[in-house]
Amino acid sequence: MSVTASVELDVDKQRQAKEYARIRRRLFLVDLAIGGVYTLVWLVFGWSSELKQALMGYTENQWLLVAGFGLVFGGIYFLVNLPLGYYSGYILPHRYDLSNQTLSGWLLDMLKGVLVGGALGLLVLEVIYAVLRAVPQTWWLWAGLILLVLNVILANLAPVLLLPIFYKFKPLSEDHVDLAGRLIRLAERAGTRVRGVYQFDMSRRTKAANAALTGRGNPRRILLGDTLINEFTPDEIETVLAHELGHHVHRDLPFGLLVESVITLGGLYLASVGLSWGVEVFGFENPADIAALPLFALVVGIYGLITMPLSNAFSRWRERRADAYALEATGKGEAYASALTRLANQNLAEAEPEEWVELLLYSHPALSKRIEFAQHYSLEHG
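Residues numbered from 1 in each chain as written. Predicted model: local features only at pLDDT ≥ 70, side-chain atom pairs only at ≥ 80, totals over all residues. Heavy atoms only, no water.

Chemist: I'd like a rundown of the environment of Thr-39, residues and numbers included.
Modeler: With respect to the element layout, Thr-39 can be found in helix H2 (residues 11–44). When the C-alpha atoms of Thr-39 and Met-110 are compared, they prove to be 23 Å apart, with 71 residues separating the residues in sequence. Excluding anything up to four places from it in sequence, Thr-39 contacts Phe-73, Pro-294, Ala-297 and Leu-298. (Helix = DSSP H or I, 4+ residues; strand = E, 2+ residues; numbered from the N terminus. Contact = heavy atoms within 4.5 Å.)

Right, here's the structure in full:
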């Protein structure tokens, strides 16, 4: 019996997946509305200028003003959005039996995320406003270049420094020596040197499965979620990793960073235009006035929403290439189709979204298309 014959899309789970996806899209729209209204309120009611004046009662140091404004503005938004985050991040996944996480575990992860995200966000904010003060005419160009460098650094350090904050990693056990050997040999054929194969505790949080190839150079490691190891066959795991290796072979990380940097540069330029407009309309002192931060956030947010389909289209193209590489590198079309089917069932992923949904919101091709592609490869290559 073929592998795909024993693994089929679960009809009931696909019904749930459609419901789950529909709810998450609505929550996405609610989140956008909250963010938009929040920034507009700060501008229309003059809260932004009032906060700046209040902070200047304590310090006139520009670095401290940026940090203080960012903490207050971002902190209040976090509290306003907390109920939605609790519902979408904790209640909803439990309702659809996707989460294993306790409330205390979710709260701890949220706290870690706030601290890490807040620190990185504050760093980016300080960089942008420092450049705004230094070169007000061309700040958007220099800020874009600096952000590109920071993104490259973060992409290299995140697997080593940030992931261990959220997950525990350990080498694959002796029970999986054969699997580890297969994956290392697969990586070697792709021209990738790895330190080893590790598993991480996804099951402590979710029933979903995943794998990754992280780091660069010597720190590069193969990471397998324990949910993947426990529920997927070795052939299926091999094809899933081959997909990740496809991204490495095609240099998707540096290429993706470059494309996203170009898109970011466009957003920063529009923010520059918006800030200059805000000086006249809202009476800000100059574009580098920290009181204009809500306007900056609004312009960049709208731009990000408009360009999201473009970013997703680029991502889907790269994902299709990685799928093709996985099939060519392993020659296991049935196993890959089976793995994608299991992912759809286990992750409660909608296999056949509406075309407009895939076009606007999906960073990967629809699972039904990917499964069909793998099955077609299997038929053609026996």
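Once the structure has been displayed, the description carries forward.
Chemist: Go over the packing of helix H6 (residues 139–166) against helix H10 (residues 252–281) with me, naming the residues and quoting the values.
Modeler: For any two helices packed against each other, the geometry is given by the interaxial angle and the distance between the axes. Relative orientation of the contacting elements H6 and H10 amounts to 145°, with a least axis distance of 9 Å. When the axes of H6 and H10 are compared, the crossing they make is right-handed. Together, Trp-139, Trp-140, Leu-141, Ala-143, Gly-144, Leu-147, Leu-148, Asn-151, Val-152 and Ala-155 of H6 and Leu-253, Leu-257, Ser-261, Thr-264, Leu-265, Leu-268, Tyr-269, Ala-271, Ser-272 and Leu-275 of H10 make up the contact between the two elements. Residue composition of the contact of H6 with H10, grouped by class: 15 nonpolar, 5 polar and no charged. (Axes fitted to C-alpha atoms, helices over the stretch in contact; angles between N-to-C directions. Left-handed = near helix turned anticlockwise from the far one by under 90°. Nonpolar A, V, L, I, M, F, W, Y, C, P; charged D, E, K, R; others polar.)

Chemist: I'd like to hear about the pattern of salt bridges, residue by residue, with values.
Modeler: One pass over the structure, following the stated rule, counts 18 salt bridges. Two residues, Lys-207 and Asp-97, come together in a salt bridge whose shortest N-O distance is 3.2 Å. Of this pair, Lys-207 sits in the loop between strand E2 (197–200) and strand E3 (211–214) while Asp-97 sits in the loop between helix H4 (62–95) and helix H5 (103–134); the two residues are 110 residues apart in sequence, bridging distant segments of the chain. With a closest N to O distance of 2.7 Å, Lys-332 and Glu-238 form a salt bridge. (Salt bridge = Lys/Arg side-chain N within 4 Å of Asp/Glu carboxyl O.)

Chemist: Please give an account of the packing of H2 against H4 that cites residues and values.
Modeler: Across the interface, H2 lies against H4 with an axial gap of 11 Å and an inter-helix angle of 165°. The pairing of H2 with H4 is recorded here as roughly antiparallel in orientation. Where H2 crosses over H4, the handedness of that crossing is right-handed. Where H2 abuts H4, its residues Tyr-20, Ile-23, Arg-24, Leu-27, Val-30, Asp-31, Ile-34, Gly-35, Tyr-38, Thr-39 and Trp-42 lie against Phe-69, Val-72, Phe-73, Ile-76, Tyr-77, Val-80, Asn-81, Leu-84, Tyr-87, Ser-88, Leu-92 and Pro-93. (Parallel < 35°, antiparallel > 145°, perpendicular 65-115°, else oblique.)

Chemist: Describe the pairing of E2, and please don't skip the residues or the numbers.
Modeler: By the alternation rule, side chains of E2 split into Val-197 and Gln-199 and Tyr-198 and Phe-200, which are all buried. Judged from the 3 bridges that link them, strand E1 (residues 169–171) and E2 form a sheet pairing that is antiparallel. Paired with Lys-170 across the two strands is Gln-199, which belongs to E2. Of the strand pairs in this sheet, E2 and strand E4 (residues 221–225) are connected by 4 bridges, and their pairing is parallel. Within the sheet, the bridge partner assigned to Phe-200 lies in E4 and is Gly-225. (Buried < 20%, exposed > 50% of the residue type's maximum accessible area, 1.4 Å probe, protein only. Pairing = 2+ DSSP bridges.)

Chemist: Account for the sheet that holds E3, with residues named and values stated.
Modeler: Pairing is mixed across the open sheet formed by 4 strands, whose spatial order is E1-E2-E4-E3. Each end of this open sheet is capped by a strand with a single partner; those strands are E1 and E3. Adjacent strand axes in the sheet meet at a mean angle of 30°, parallel and antiparallel pairs treated alike. Sheet analysis places E3 next to E4, joined by 4 bridges and oriented antiparallel. Its bridge partner lying in E4, Leu-213 is registered against Ile-222. Running over the sheet, helix H9 (residues 234–249) touches E3 and E4 and is turned about 35° from E3.

Chemist: Could you give an account of the nonpolar core, naming the residues involved and the relevant values?
Modeler: One finds Leu-183, Ile-222, Leu-224 and Leu-245 to be the most contacted residues of the largest nonpolar core, which totals 35 residues. Of all the elements in the fold, those that place two or more residues in this core are helix H7 (177–189), E3, E4, helix H8 (226–231), H9, helix H11 (293–330), helix H12 (333–346) and helix H14 (367–381). The leading source of residues in this core is H12, at 6 residues. If sequence neighbours within four positions are ignored, Leu-245 has contacts with Leu-186, Ala-187, Ala-190, Thr-192, Leu-213 and Tyr-325. Counting residues in each nonpolar core, the second largest holds 29 residues, with Trp-42, Ala-288, Leu-295 and Phe-296 among its members. (Core = buried A, V, L, I, M, F, W, Y, C linked by side-chain atoms within 4.5 Å.)

Chemist: Provide a residue-level description of H12, including the pertinent values.
Modeler: Over its 14 residues, H12 runs 20 Å from end to end, which matches the ideal 20 Å to within 8%, given 1.5 Å per residue. Here H12 lies mainly inside the structure; 12 of its 14 residues are buried. Directly after H12, the chain includes Leu-348, whose backbone phi takes a positive value near 50°. (Expected span 1.5 Å × (residues − 1).)

Chemist: Break down the packing of aromatic side chains for me, with residues and values.
Modeler: The tally for this structure, following the rule as stated, stands at 21 aromatic pairs. Consider the rings of Trp-42 and Phe-73, whose centres lie 5.2 Å apart with planes at 80°: the pair is edge-to-face. On the criterion of sequence distance, the pair formed by Trp-42 in helix H2 and Phe-73 in helix H4 is long-range, its members being 31 residues apart. Site record: aromatic cluster; members linked through ring pairs are Tyr-38, Trp-42, Phe-45, Trp-47, Phe-69, Phe-73 and Tyr-77. (Phe/Tyr/Trp six-rings, centres within 6.5 Å; stacked < 30°, edge-to-face > 60°.)

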